[in-house]
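Understanding the architecture of this molecule
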Amino acid sequence: MAAADQVLVRCACLQLILFVCFFFPIGSSFSFGGRGIGINYGRLGTNLPPPDLAVKLITSSNIKHVKTFDMDPLLIQAFSNTNITLSLCIPDQELPSLASDPTRADLILQRSILPFIHHTKISSISVGNEVSMVPDLAPHLLPAIKNVYKSLKRFKIHKNIKVTTTHSVAVLAIRSPPSNGIFQDSIGGPIMKPILRFLNKTQSPFMVNLYPYLTYKETNEIPLDFALFTENPSLFYTDPNTGLVYKNLFDILVDALNTAAASLGFHDLTLVVTETGWPTNGYENDNAASLENARLFNQRLIKHVMRVPVVGTPMRPGVPVMVYLFALFDEDLKVGEPTENHWGLFYANGSKKYELGIEKKGGLRRTELVKAQYEFYEM
């Protein structure tokens, strides 16, 4: 960027800072210290309902938190004047330029955050999704995160909007017993430790995608019922090092991540499970991927994390865990395993697969959705 252009950008940033501070008073920041149920809103599908209809489906499901995979202003605007909190994501391909050019962060905020901040609840920005183990992108991760944070700070909204990144549970070298949880050698010291140090300093969440279904499929040693939160004492697992008893696979994975973070010196990070769920279909011989198992997993997961009083995990009793279910819709454009297209709570036409047990009474009438979709697609 030329020097003259940089001056213009800085001047524009200063004007926007003054404008935001004086004319757009910002409410209290969303705390990740509490519990809650969110949903991932991906859009890699054909004939999906437009964002305004997606908002109605989410509202009818009584879900208050949504995680996206981009920074689309039109999507963000659709959630304005709702009681839904957004967790946004800067796409992976932005990382190299974002890490090398601090003004890129300013431009992203000017386009996707500042115009909506008065009317839309935005809790966090994830810089990339599961890139901490991607050799070409991992070195850019922390510099990009820091540049976004500096930009948030320039606009005086860093206390309201946290900046972090989202990891895969594959960052763990050991998952069981959970007391032995440790990060992969290749990323533990060089990648994870500096990132966790930043998260700890800025009180930002440690975001991780974890799927008991995938862990179950990776090994023949885990009973299906244990992955599905079935309360069967004969299936309970006792950690040989701590004597702590685990009643489900989800808690094992969460505590393995807590242990891994603690092994690097970070004992009190707020862990947020940014993706978890269960597919309703997959390979022909995959008896685990079914609509009934997906219903059982998600219903029981919600009861587990929303229980009163708060249960937490065996290693961190009483400490709530924020969870985002994956996903809102089936997405037929996703590539990979056959299950990739079957994680939705709703089919692409907006019809619900099963009840979560937390829906509002009445919900969204099917006739209302069909009418709204017809009007949209006929435009």
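No experiment lies behind these values; they were computed from the predicted model shown.

Another aspect to go through is the overall build of the protein. Along the protein, the regular secondary structure elements total 12 helices and 12 strands. Counting the 379 residues in the protein, one finds 52% classified as buried. Entry remark: accessible area of the protein is about 17,200 Å², with carbon and sulfur atoms responsible for 55%.

Now for the pairing of strand 12 (residues 322-325). Residues of strand 12 alternate between two faces, with Met 322 and Tyr 324 on one and Val 323 and Leu 325 on the opposite face, all of them buried. With four bridges joining them, strand 1 (residues 36-41) and strand 12 adopt parallel strand pairing. When the bridges of strand 12 are listed, Ile 37 appears paired with Val 323. One ladder, built from three bridges, connects strand 11 (residues 271-276) with strand 12; its direction is parallel. What sits directly across from Thr 276, in strand 12, is Leu 325. Handedness of the β-α-β unit built from strand 11, helix 11 (residues 291-305) and strand 12 comes out right-handed.

This part is about the confidence of the model for the protein. Of all residues in the protein, 86% have pLDDT values of 70 or greater, and the mean over the chain is 90. Every residue in residues 374-379 scores below 50 in pLDDT, and together they form five contacts with partners more than four places removed in sequence or on other chains.

This part is about helix 10 (residues 249-263). Its 15 residues give helix 10 an end-to-end C-alpha distance of 21 Å, which sits within 8% of 21 Å, the value for a rise of 1.5 Å per residue. Of all 15 residues in helix 10, 13 are buried; the element is thus mostly enclosed. Between the side-chain oxygen at the start of helix 10 and the backbone nitrogen of Phe 250 there is a gap of 3.2 Å, and the oxygen is on Asn 248. Two residues or fewer after helix 10 comes Gly 265, characterised by a positive phi angle close to 100°.

A separate point is the nonpolar core. Within the largest apolar cluster, 103 residues are counted, with the highest numbers of intra-cluster contacts made by Ile 113, Leu 196 and Phe 206. In terms of residue count, helix 10 provides more of this core than any other element does, nine residues in total.

One pass over the structure, following the stated rule, counts 12 salt bridges. The closest approach of N and O atoms between Lys 352 and Glu 359, which form a salt bridge, is 3.6 Å. By relative accessible area, which is 29% here, Lys 352 ends up partly exposed. Its relative accessible area of 19% is what places Glu 359 among the buried residues. Beyond isolated ion pairs, a larger network of salt bridges with shared partners links Arg 43, Asp 70 and Asp 72.

Where helix 5 (residues 102-112) meets helix 6 (residues 138-154), the closest approach of the two axes is 8 Å, and the angle between their N-to-C directions is 55°. Taken together, the axes of helix 5 and helix 6 are oblique relative to one another. Our pair here, helix 5 against helix 6, has a crossing hand that is right-handed. For the pair helix 5 and helix 6, contact is made by Pro 102, Ala 105, Asp 106 and Leu 109 and by Asn 147, Val 148, Ser 151, Leu 152 and Arg 154, respectively. Counted by class, the contact of helix 5 with helix 6 contains five nonpolar, two polar and two charged residues.

Once that is clear, we can look at the sheet that holds strand 3 (residues 85-90). Taken in spatial order, the eight strands line up as 1-2-3-4-5-8-11-12 and close into a barrel, and their pairing is parallel. Each strand of the sheet is rotated relative to its neighbour by a mean of 25°, with strand direction disregarded. Contacts from helix 7 (residues 185-202) reach strand 5 (162-168) and strand 8 (206-209) within the one sheet, and its direction differs from that of strand 5 by about 145°.

Moving on to the side chain of Asp 106. Checked against the element boundaries, Asp 106 lands in helix 5. A distance of 2.6 Å separates the side chain of Asp 106 from the side chain of Ser 151, its partner in a polar contact.

Taken together, the side chains of Lys 146, Lys 150, Lys 153, Lys 159, Lys 193, Arg 197 and Lys 201 make up a positively charged region of the molecular surface. Looking at the element boundaries, Lys 153 is found in helix 6. By relative accessible area, which is 46% here, Lys 153 ends up partly exposed.

Our next topic: the environment of His 267. Along the chain, His 267 turns up in the loop between helix 10 and strand 11. Overall, the relative accessible area of 55% leaves His 267 in the exposed class. Taking the C-alpha atoms as reference, His 267 lies 9.4 Å from Asn 200; in sequence the two are 67 residues apart. Filtering out sequence-adjacent residues up to four positions away, His 267 remains in contact with Ala 262 and Arg 316.

Reading the values: the criteria
Residues numbered from 1 in each chain as written. Predicted model: local features only at pLDDT ≥ 70, side-chain atom pairs only at ≥ 80, totals over all residues. Heavy atoms only, no water. Helix = DSSP H or I, 4+ residues; strand = E, 2+ residues; numbered from the N terminus. Buried < 20%, exposed > 50% of the residue type's maximum accessible area, 1.4 Å probe, protein only. Areas by Shrake-Rupley, 256 points an atom, 1.4 Å probe, with all protein chains shown as cover. Pairing = 2+ DSSP bridges. Right-handed = clockwise from strand over helix to strand, strands pointing away. pLDDT = per-residue confidence, 0-100. Contact = heavy atoms within 4.5 Å. Expected span 1.5 Å × (residues − 1). Polar contact = N/O pair within 3.5 Å; in protein donor to acceptor, adjacent residues only side chain to side chain. Core = buried A, V, L, I, M, F, W, Y, C linked by side-chain atoms within 4.5 Å. Salt bridge = Lys/Arg side-chain N within 4 Å of Asp/Glu carboxyl O. Axes fitted to C-alpha atoms, helices over the stretch in contact; angles between N-to-C directions. Parallel < 35°, antiparallel > 145°, perpendicular 65-115°, else oblique. Left-handed = near helix turned anticlockwise from the far one by under 90°. Nonpolar A, V, L, I, M, F, W, Y, C, P; charged D, E, K, R; others polar. Patch = residues over 30% accessible without salt bridge, like charges linked within 9 Å, V, L, I, M, F, W, Y side chains within 5 Å. Lys, Arg positive; Asp, Glu negative; His and termini not counted. Charge placed at Lys NZ, Arg CZ, Asp CG, Glu CD.

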